[in-house]
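Examination of the molecular architecture
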Amino acid sequence: MTVSDYLASDEFRRFQDETLHRLACQAVETYLHDHAEKAAKTQLHAIPAVIQAGGLSALNSLGVNQQDKNTKQVNKKFWTFLLSLIDKTGAAPAYALASGVREELSRQGLWQDDAGITDKNEKNRLKKVNQHHLEAVLEASLPIYFEHFTCHYFYRL
Amino acid sequence: MTLSMETLREIDIFLEEFYPQSQTAGRELARALPEKSQIRNLETLVISTRRFSEIKNFIKNQAGKEKEANPQWRRVAPNLLKQLEELENQAATLSGGDPGRTLAIKLHLARGWVKQVVANYLFALLGQN
């Protein structure tokens, strides 16, 4: 299956509907549990529009900007947490969007482990392919994951 | 995806058995939300959406944006979300794990459910007025 086939499949629709919902709710619950002081709902208001306008890079810029400019510690911590959800480096927690997407790609055979490959060119090629798949599915999943996240946050706060 | 007659029959049987719960939800909604337009919005969303989780998100969003002093959706949201979860579990059982069938069955169940809830909501409103 190609990544385009996957994005057009029922598997992907179910991933958006169920897996992303579960992960986003888990992310909210973790944030609420780990932070005595919670960020106000207003902090989330810009997220859907920013995602719609510029996708992952725009959300990342918003997060970095909010993290740096906010004078309130509670908001800084919120944006640090939010940035961890879109961290693509592999260090993100299990409930983060990037982690969920990576796991789903593995399940679909669209993420290949390059650990056993010794040929440098082949290793680089695989990395590029994996990265391409990750970016494509991340971008497509981003609006739904954060729809789940913001609605659950609104509800639980 | 077109569901088989056998699956549609199983959905109907489940919804028949689920009716008392839908009735409770309709009555709770009538007590909490006498404004019909909000329930019509829910009904329209359930009928038109292609994604089941959008229904859950709608309810959470409605509850989340209310002022604490005047909770309406907040009073009914936990039970509505619990019922939707039961529909989702039933869809997983009926679909045999096929993703397309799961999604189709969930939406079919949700549409049957909302008809029951809205009918009981309107009927309960009659009794209140």
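Residues numbered from 1 in each chain as written. Chains lettered and ligands numbered in written order. Predicted model: local features only at pLDDT ≥ 70, side-chain atom pairs only at ≥ 80, totals over all residues. Heavy atoms only, no water.

**Comments concerning the overall build of chain B**
The condition that has to hold: Under the scheme used here, helices are H or I runs from DSSP no shorter than 4 residues and strands are E runs no shorter than 2 residues, and both carry numbers assigned from the N terminus. Using C-alpha atoms as the atom set, the radius of gyration is obtained and then compared with a globule rule of 2.2 Å times the number of residues to the power 0.38. Exposed residues in this analysis have more than 50% of their type's maximum accessible area, buried residues have under 20%, and partly exposed residues fall in between, with area computed by a 1.4 Å probe over protein chains only. Note on definitions: a residue-residue contact is assigned when non-hydrogen atoms from the two residues lie within 4.5 Å. Using the Shrake-Rupley algorithm and a 1.4 Å probe, accessible areas are obtained, with residue cover drawn only from the displayed protein chains. Charged residues are defined narrowly, with Lys and Arg counted positive, Asp and Glu counted negative, and His plus the chain ends left uncounted. Charged groups are reduced to one reference atom each: NZ for lysine, CZ for arginine, CG for aspartic acid, CD for glutamic acid.
Counting secondary structure elements, chain B contains 5 helices and 0 strands. When its helices and strands are written in sequence order, chain B yields α-α-α-α-α. Relative to its length of 129 residues, chain B is compact, with a C-alpha radius of gyration of 15 Å against a globular reference of 14 Å. Dimensions of chain B, computed from C-alpha atoms along their principal axes, come out at roughly 45 × 30 × 20 Å. Taken across its 129 residues, chain B has 52% of its residues classed as buried. When contacts within chain B are restricted to residue pairs at least 6 apart in sequence, those whose partners lie at least 24 apart make up 73%. Of the roughly 6500 Å² of accessible surface on chain B, a fraction of 51% belongs to carbon and sulfur atoms. Charged side chains of chain B number 18 positive and 15 negative; the gap between the two group centres comes to 6 Å.

**So, the overall build of chain A**
A count of helices and strands for chain A gives 6 helices and 0 strands. A globule of 157 residues ought to have a C-alpha radius of gyration of about 15 Å, and chain A, at 16 Å, matches this closely. Taken along the three principal axes of its C-alpha coordinates, chain A extends 50 × 35 × 30 Å. Pairs at least 24 residues apart make up 69% of the contacts formed inside chain A by residues separated by at least 6 positions.

**Overview of helix H5 (residues 99–128) of chain B**
Residues spaced three or four apart along an α-helix face the same direction, because each turn holds 3.6 residues. Applied cut-off: Residue count minus one, scaled by 1.5 Å, sets the expected span of a helix. N or O atoms within 3.5 Å of each other form a polar contact, as long as, within protein, one can give a hydrogen and the other can take it, and as long as residues adjacent in sequence are counted only when both atoms are side-chain atoms.
The end-to-end C-alpha separation of H5 of chain B is 43 Å, in line with the 44 Å expected for 30 residues at 1.5 Å each. Two to three positions downstream of the cap, the backbone nitrogen of Gly100 of chain B sits 3.3 Å from a side-chain oxygen, assigning the N-cap of H5 of chain B to Asp98 of chain B.

**Some details on the side chain of Asn70 of chain A**
Residues and elements named next belong to chain A. By secondary structure assignment, the location of Asn70 is in the loop between helix H3 (47–69) and helix H4 (73–85). Note on Asn70: relative accessible area 12%, which makes it buried. Reaching out from Asn70, the side chain makes a polar contact with the backbone oxygen of Gln66 at a distance of 3.0 Å. Setting aside residues no more than four positions away along its own chain, Asn70 makes contact with Gln43, Asn75, Lys76 and Trp79.

**Let's talk about the packing of aromatic side chains**
Residue and element names in this part refer to chain A. Our working definition: Classification of ring pairs rests on two measures: the distance between centres of Phe, Tyr or Trp rings, Trp counted by its six-membered ring, which must be within 6.5 Å, and the angle between planes, read as stacked under 30 degrees, edge-to-face over 60 and tilted in between. We call a charge positioned over a ring when the NZ of a Lys or the CZ of an Arg lies within 6 Å of the ring centre and within 35 degrees of the ring normal.
According to the stated counting rule, one finds 14 aromatic pairs over all chains in the structure shown. Counting every residue linked through ring pairs, the aromatic cluster contains Tyr31, Phe78, Trp79, Phe81, Tyr95, Tyr145, Phe146, Phe149 and Tyr153. Positioned over the ring face of Phe154 is Lys41, at 5.9 Å from the centre of the ring.

**A look at the side chain of Arg51 of chain B**
Tracing the sequence through the fold places Arg51 of chain B in the loop between helix H2 (36–48) and helix H3 (53–64). What makes Arg51 of chain B buried here is its relative accessible area of 13%. One polar contact links Arg51 of chain B to Glu147 of chain A, side chain to side chain, over a distance of 2.8 Å. For Arg51 of chain B, the side chain forms a polar contact with the side chain of Ser53 of chain B, separated by 2.9 Å. In contact with Arg51 of chain B, other than residues within four places in its own chain, are Asp17, Ile144, Glu147 and His148 of chain A together with Asn57 and Leu107 of chain B.

**As for the confidence of the model for chain B**
As a reminder of what qualifies: For every residue, the pLDDT score states the predictor's confidence, bounded by 0 at the bottom and 100 at the top.
On average, chain B scores 95 in pLDDT, and the residues at 70 or more come to 99%. The complex model carries a pTM of 0.94, and its ipTM stands at 0.93.

**Observations concerning the packing of helix H1 (residues 5–32) of chain B against H5 of chain B**
Residues and elements named next belong to chain B. Applicable threshold: Here the axes come from fitting lines to C-alpha atoms, over the contacting stretch only for helices, and the angles between their N-to-C directions go from 0 to 180 degrees. Any angle that is under 35 degrees is reported as roughly parallel, and any over 145 degrees as roughly antiparallel; angles of 65 to 115 degrees are reported as roughly perpendicular and all others as oblique. In a left-handed crossing the near helix is turned counterclockwise from the far helix by less than a right angle, and in a right-handed crossing that turn is clockwise. Three residue categories are used. Nonpolar comprises Ala, Val, Leu, Ile, Met, Phe, Trp, Tyr, Cys and Pro, charged comprises Asp, Glu, Lys and Arg, and polar comprises the others, including Gly.
Following both chains from N to C, one finds H1 and H5 inclined at 40°, their axes separated by 7 Å at the closest point. Relative to H5, the element H1 lies oblique. Our pair here, H1 against H5, has a crossing hand that is right-handed. Looking at the contact of H1 with H5 residue by residue, the class counts come to 16 nonpolar, 9 polar and 4 charged.

**Quick look at the interface of chain A and chain B**
The test is simple: Summed over both partners, the accessible surface that disappears when two parts come together, traced with a 1.4 Å probe, is what is meant by buried area. Just to be clear on terms, a salt bridge is a Lys or Arg side-chain nitrogen sitting within 4 Å of an Asp or Glu carboxyl oxygen.
Between chain A and chain B, the contact holds 17 residues from the first and 23 residues from the second. Carbon and sulfur atoms make up 48% of the surface buried where chain A meets chain B, a total of about 1800 Å² over both sides. Viewed at the interface, chain B and chain A are joined by 3 salt bridges. Residue Arg51 of chain B is joined to Glu147 of chain A by a salt bridge in which the shortest nitrogen-to-oxygen separation is 2.8 Å. Looking at the side of chain A that touches chain B, the elements with two or more residues in it are helix H2 (10–34) and helix H6 (120–156) of chain A. Per-element tally for the side of chain A that touches chain B: the top contributor is H2 of chain A, with 8 residues. Across the side of chain A that touches chain B, the residue classes tally to 6 nonpolar, 3 polar and 8 charged.

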